[in-house]
Amino acid sequence: MVEFEKIIVMEVEYPEGNPCPAVSTPLPLQTGSPTVNDDIAAPGIPGEVTVNGMGAPAGEQSDEAAPHTSSLEHDIEASSIKLCGYLSKLGGRLKNWKSRWFTYEEGNCQLFYYRTSQDVNPLGQIELHNATFGYPLQADGGTFHIQTPERTYILKAVNHQAMMYWLQQLQLKRWQNRERPVSPVTESAQTCAGGQTQCADNEEDFLPVVKTPTGVVGEEAACLPAPQRCNLSNVSFKHPLTEIQNSVHSLRLNRLSQELTRSNSLCKEQQETSASETSTKRSQDTPASTLPEVAILLTDSRRKAQSLSPNLRCRKKKTTSSATMPADWRQIGTDRISRLQHEVFSLTEEVKSQKELVWLLHKALEAAQQEKRTCTQFLSAEGEQERLELLRHRERHVADLGSQLEALRGHKEALQHSLAQKDAHITELQEHVVLMMERNHAKQEVILKLSEQVGAQPAPVDAETRRQQQEEVENLKDDIEAYKIQNKFLNSEIYQLTQLWRNSSEQGKSLMVKCAYLEAKNCQVESRYLGVLRKLQENKGLDSTQQEAVKRLIVDALQGDVTDSLKLNPVKEYDEYGFKVIADYEVEDMKLLAKIQALEIRSNNLLQQEAADRPLLGRWAQYMSGRPPGELAASPELKALLRAGMPREYRRQVWRWLVQVRTLSLRERYPQRYQELCDKSQASQHPAYRQIQLDLHRTLTSNQHFSSPSNPAVQQLHRILLAFSWQNPTIGYCQGLNRLAAIALLVLQSEEDAFWCLVAVVETIMPQDYYSKNLIASQVDQRVLKDFMVEKMPRLMAHFEEHNIDVSLITFNWFLVVFVECLASDILLRVWDAFLYEGTKVIFRYALALFKYKEEDILKIRDNVEIYQYLRFFTKTISDSRKLTNIAFNEMNPFPMKQLRARRALHLERLQAELSELQRIQEEFVAESAERKDKDLDEDEDA
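Parameters and conventions
- Residues numbered from 1 in each chain as written.
- Predicted model: local features only at pLDDT ≥ 70, side-chain atom pairs only at ≥ 80, totals over all residues.
- Heavy atoms only, no water.
- Core = buried A, V, L, I, M, F, W, Y, C linked by side-chain atoms within 4.5 Å.
- Buried < 20%, exposed > 50% of the residue type's maximum accessible area, 1.4 Å probe, protein only.
- Contact = heavy atoms within 4.5 Å.
- Pairing = 2+ DSSP bridges.
- Helix = DSSP H or I, 4+ residues; strand = E, 2+ residues; numbered from the N terminus.
- Axes fitted to C-alpha atoms, helices over the stretch in contact; angles between N-to-C directions.
- Polar contact = N/O pair within 3.5 Å; in protein donor to acceptor, adjacent residues only side chain to side chain.
- Salt bridge = Lys/Arg side-chain N within 4 Å of Asp/Glu carboxyl O.
- Phe/Tyr/Trp six-rings, centres within 6.5 Å; stacked < 30°, edge-to-face > 60°.
- Patch = residues over 30% accessible without salt bridge, like charges linked within 9 Å, V, L, I, M, F, W, Y side chains within 5 Å.
- Areas by Shrake-Rupley, 256 points an atom, 1.4 Å probe, with all protein chains shown as cover.
- Lys, Arg positive; Asp, Glu negative; His and termini not counted.
- Charge placed at Lys NZ, Arg CZ, Asp CG, Glu CD.
- pLDDT = per-residue confidence, 0-100.
- Expected span 1.5 Å × (residues − 1).
- Nonpolar A, V, L, I, M, F, W, Y, C, P; charged D, E, K, R; others polar.
- Parallel < 35°, antiparallel > 145°, perpendicular 65-115°, else oblique.

To continue, consider the nonpolar core. The biggest cluster of nonpolar side chains holds 119 residues, and the ones touching the most others in it are Phe-800, Phe-819, Trp-832 and Phe-851. Leave out the neighbours within four places in its chain, and Phe-819 touches Trp-814, Leu-828, Val-831, Ile-843, Tyr-846, Ala-847 and Leu-850.

Right under this line is the structure:
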């Protein structure tokens, strides 16, 4: 029998990727073990990675490889541990922590991660060539980042020490990969030498070398159980195929482990039986025939256990069994192994032939079934005509298949021709490569010869020159030491200066806050002083001298504006959207009110810029981080943020999303709707064209973007209003739509987005018939508002009824234009933020809040004319947006939408009844007038 023997050359891979000299060890092929080559690496090779990058520990290296290791390598091996262990990785759509087994790959500078340490296929890898490492201070303990050009990985170790160990080791691996030499021998030597140099350098580094955490990293961490997490949340749904493969592999390893246990028990029994038989038959000259068989079974079982164990990363060599056996026993075992291998080979070939035979039988069966179906169809046909038609159909099908076959043959020939051309091109390139290699080899030979010539003729160096060179070297060493000391001093100096700068910065901030507070208080005092002067001016009981003194004080207060250079944030004339911050009052008596309003606005800006703006900006930044544009979702958190106000940085994005949500179905049906309407408005003139043209110059006159007819915003607004008049023929155009579109255009900065915002407000947010000709829904809302005012503010409504004040004369315009040109710009935009999300309920809330804000001031006015004058402009004097928002959304509660709908329905029914009665009266009056005219004509004719 032919004997087969497999010679495996082992290359023991030491830590830090240093291979030791190869050792040839004859290992017989295993025939009794199952074939697991698809999932498990070939066992029996010391130092080889078997499962997810785990190699053998230092204590389990081959005994034959020990003589080849030097003492320096032994020290490095003892002090180094393979970089692997369990870390938590933040990922998935839910952004939760998942436990993963990480292991570093020396050759590729990659960090692979698996679900457990027993998995074979990785879930992914992290490229460390161009990666950077860091860790946030405010995050959870042990959290650090690995940032690559593609993405940022957020990982978390069990504690801070483990995190620092991982970071230092990853930095070291990245540095070694960039500085790695080509030759393995030189790499081993330089790595060993570099380890000592680096350890020496680390002593003078700012961060000391972190000791290796015991039981957390390294190969011993694989023996520990994985961190307990929810099985469902720890599964990677992104890699289902890899999870299935690892699960199948785990099941297979469990089954092989059970077989290993049974084989070990059988091995022990056979070993005991063999020992007893050997002791009884030791006196015979030749061994019994059963003893070699028992020894062979013992050897096979041990080799099987050695090759199939999934828990051992690198098994120990079993050399004692073969060393104690006689030579003929080993020969008999080798013969049996060869025989079993031959049987396995023959059985494998037979299985392949049987599979081919089954495949041919399947093909023959399919052809027979197809022929049977054809014959059955032909025989089941009724009449010759139908059979002829069936035959013709089959002939046409055969002709089509023939043409397809010809086309495929032509395509095949074309591909073969292209392949031949590519082969010829590859041959040419290979010849070119060979030529270039020959040239390179010739150049290297020339370089070697020149180097030998240079080395053969060394320049004579005398003692004086050598002494000078040594002195220069010593001087350079002294300079290096001096520079090191200087570098340490400069680092400490930079650190101290940084601390001083931070302290001074904190002091400066505190002084700025204090200065802002004092300036705000000064503005409040000055505002109160001007309020007192205004009340004195309105007092009729002063004599002429006192009135003149009050006028002089008022003039001095108006002219003596603050010109101090230490003003922190002076009130600008226009805000970011072009609105005038302080309104212009045409009446001379209102200039004092404008000055008071300016002081209140400045005071609120100074007091709120640190207390509210920065925390609000931080909350919005945290909410918007990681959310792609246009993928927001309605939630209580977003509702609360919109009520609190929105920073200018995010308002355009959030408004666009709110408009898209409300007009999604319409935009999907008509994707090019706005452009089509613009083209239509250019082709034909709408009946509302003249009214739109007149209202353009009355739109937001205090805004600098609409102050001149030549501004581009005016022309854009014109096109938006014309497009909407064609979009909604029922409304066409109504006064007030120009202001709604102007606000949308200022914020969204896009004609099409502003058009869809106008569509969303008129057609989806506002009730039906809100902007129709009779404005019936607007009248209903005024009656509902009066009901709410009676409930929420009974004293104020009684005051209005006492002086015959109709509130709807003031509030009707509020509802129609959603407070545009009625409030300060910052408060107006905050109202619109909540209005686009919550709907018309926000208008009622803020309308009630405005009256509640100034309720006490209104109750002090006793003249109905003065009340009307005050109600016309009092909304622009409100500057504390936080107080107004608190009244609207807290003090006005409860405010259920169900109650609002019920009252709207009730008042709509009443108003429609009143309009019907009014129409009936008008018709009767017209009929009576016509009869009266007819009678008069008859009397005239009779006369």
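Structure's up, so let's keep going.
Across the sheet, which stays open at both edges, the seven strands sit in the order β6-β5-β4-β3-β9-β8-β7 with antiparallel pairing between neighbours. This sheet does not close on itself; its edge strands, each paired only once, are β6 (124–127) and β7 (132–134). Neighbour to neighbour, the strand axes of the sheet diverge by 35° on average, direction disregarded. Note: β7 against strand β8 (residues 143–147), three bridges, orientation antiparallel. Along β8, the bridge assignment pairs Phe-133 with Ile-146. Here helix α2 (residues 160–178) sits on the sheet and contacts β3 (84–91), β4 (96–105), β5 (110–114), β7 and β8; the angle it forms with β7, its principal contact strand, is near 165°.

A separate point is the side chain of Ser-772. When you line up the elements, Ser-772 lands in the loop between α20 (751–765) and α21 (776–792). Classification of Ser-772 by relative accessible area gives buried; the value is 13%. Of the polar contacts made by the side chain of Ser-772, one reaches the backbone oxygen of Asp-769; its length is 3.1 Å. Within polar-contact distance, the side chain of Ser-772 engages the side chain of Asn-774 at 2.8 Å.

Let's shift gears to the pairing of strand β9 (residues 152–156). Inspection of the sheet shows β3 paired to β9 by two bridges, in the antiparallel sense. Across the sheet, Lys-89 pairs through a bridge with Leu-155, a residue of β9. Here β8 runs beside β9; their pairing, made up of five bridges, is antiparallel. Each residue of the ladder has a partner; that of His-145, found in β9, is Ile-154. The turn joining β8 and β9, which pair antiparallel and follow one another in sequence, is formed by four residues.

Once that is clear, we can look at the pattern of salt bridges. Tallied over the full model, the rule gives 22 salt bridges. Residues Arg-903 and Glu-791 are paired through a salt bridge, measuring 2.0 Å at the closest nitrogen-oxygen approach. One end of the pair, Arg-903, is in helix α29 (residues 897–942); the other, Glu-791, is in helix α21, with 112 residues separating them in the sequence. Of the residues examined, Glu-791 reaches a relative accessible area of 43% and is grouped as partly exposed. When the shortest N-O distance is used, the salt bridge between Arg-920 and Glu-924 registers 2.4 Å. Here Glu-924 and Arg-920 lie together in helix α29, a separation of four residues that amounts to about one turn. A residue is classified by how much of its surface remains accessible, and Glu-924, at 39% relative accessible area, is partly exposed.

Overall, the coordinates contain 20 aromatic pairs when judged by the stated rule. Ring geometry for Trp-814 against Phe-851: centres 5.4 Å apart, planes inclined by 35°, an arrangement best described as tilted. In this pair, Trp-814 is assigned in helix α23 (residues 808–817) and Phe-851 in helix α25 (residues 841–853), connecting sequence segments 37 residues apart. Classification of Trp-814 by relative accessible area gives buried; the value is 3%. For Phe-851, a relative accessible area of 0% translates into the label buried. A ring pair is formed by Phe-815 and Phe-844, whose centres lie 5.0 Å apart and whose planes are at 75°; its orientation type is edge-to-face. With Phe-815 in helix α23 and Phe-844 in helix α25, the pair connects residues that are 29 residues apart, well separated along the chain. By the burial criterion, Phe-815 is buried, and Phe-844 matches it.

On to the environment of Asn-711. Topologically, Asn-711 is positioned in the loop between α17 (689–696) and α18 (712–727). Since its relative accessible area comes to 18%, Asn-711 is described here as buried. Setting aside residues up to four positions removed in sequence, Asn-711 forms contacts with Gln-704, His-705 and Phe-706. Separated by 3.1 Å, the side chain of Asn-711 and the backbone oxygen of His-705 make a polar contact.

Moving on, we come to a negative patch on the surface. Negative charge collects at one region of the surface, where Glu-474, Asp-478, Asp-479 and Glu-481 lie side by side. The topology assignment puts Glu-481 in helix α10 (residues 463–538). The class for Glu-481 is partly exposed, based on a relative accessible area of 43%.

Let us look at the confidence of the model for the protein. Looking at the protein as a whole, the pLDDT averages 76, with 72% of positions reaching at least 70. Counting contacts from residues 562–568, a segment whose pLDDT is below 50, to residues more than four positions away or on other chains yields 11 contacts.

Look at the link from Asn-893 to Pro-894: it is a cis peptide, with omega at 0°. Despite not being glycine, Leu-775 shows a phi value in the positive range, around 50°. The residue Leu-775 is located in the loop between α20 and α21 in this model. Classification of Leu-775 as buried rests on a relative accessible area of 17%.

With that out of the way, let us pick up the environment of Leu-746. Within the secondary structure, Leu-746 sits in helix α19 (residues 737–748). The class of Leu-746 is buried, set by a relative accessible area of 11%. Here the alpha-carbon distance between Leu-746 and Gly-578, two residues 168 residues apart in the chain, equals 8.4 Å.

This paragraph deals with helix α13 (residues 636–644). Among all positions of α13, only Leu-638, Leu-641, Leu-642 and Arg-643 are buried. Remark: Gly-645 follows α13 within two positions and exhibits a positive phi of approximately 115°.

Helix length check: α21, at 17 residues, gives a terminal C-alpha distance of 25 Å against a target of 24 Å (1.5 Å per residue), a fit within 8%. Three or more residues of α21 are buried, namely Ile-776, Ala-777, Ser-778, Val-780, Asp-781, Gln-782, Val-784, Leu-785, Phe-788 and Met-789.

Another aspect to go through is the packing of helix α24 (residues 825–838) against α25. Where α24 meets α25, the closest approach of the two axes is 8 Å, and the angle between their N-to-C directions is 145°. For the pair formed by α24 and α25, the contact residues are Arg-830, Val-831, Ala-834, Phe-835 and Glu-838 on the first element and Lys-841, Val-842, Ile-843 and Tyr-846 on the second. Its residues placed into classes, the contact of α24 with α25 shows six nonpolar, no polar and three charged.

Here we take up the packing of helix α14 (residues 648–662) against α19. Here α14 crosses α19 at 125°, and the two axes come no closer than 9 Å. Compared by their axis directions, α14 and α19 come out oblique. Here Arg-651, Arg-652, Trp-655 and Arg-656 of α14 lie close against α19, whose contacting residues are Ile-743, Ala-744, Val-747 and Leu-748. In the contact of α14 with α19, the residues fall into five nonpolar, no polar and three charged.

Turning our attention to the environment of Asp-753. Structurally, Asp-753 is set in helix α20. For Asp-753, a relative accessible area of 13% corresponds to the buried category. For the pair Asp-753 and Ala-741, spaced 12 residues apart in sequence, the C-alpha separation works out to 10.0 Å. Aside from chain neighbours lying at most four places away, what touches Asp-753 is Arg-656, Val-659, Arg-667 and Leu-748. At 3.1 Å, the side chain of Asp-753 and the side chain of Arg-656 are in polar contact.

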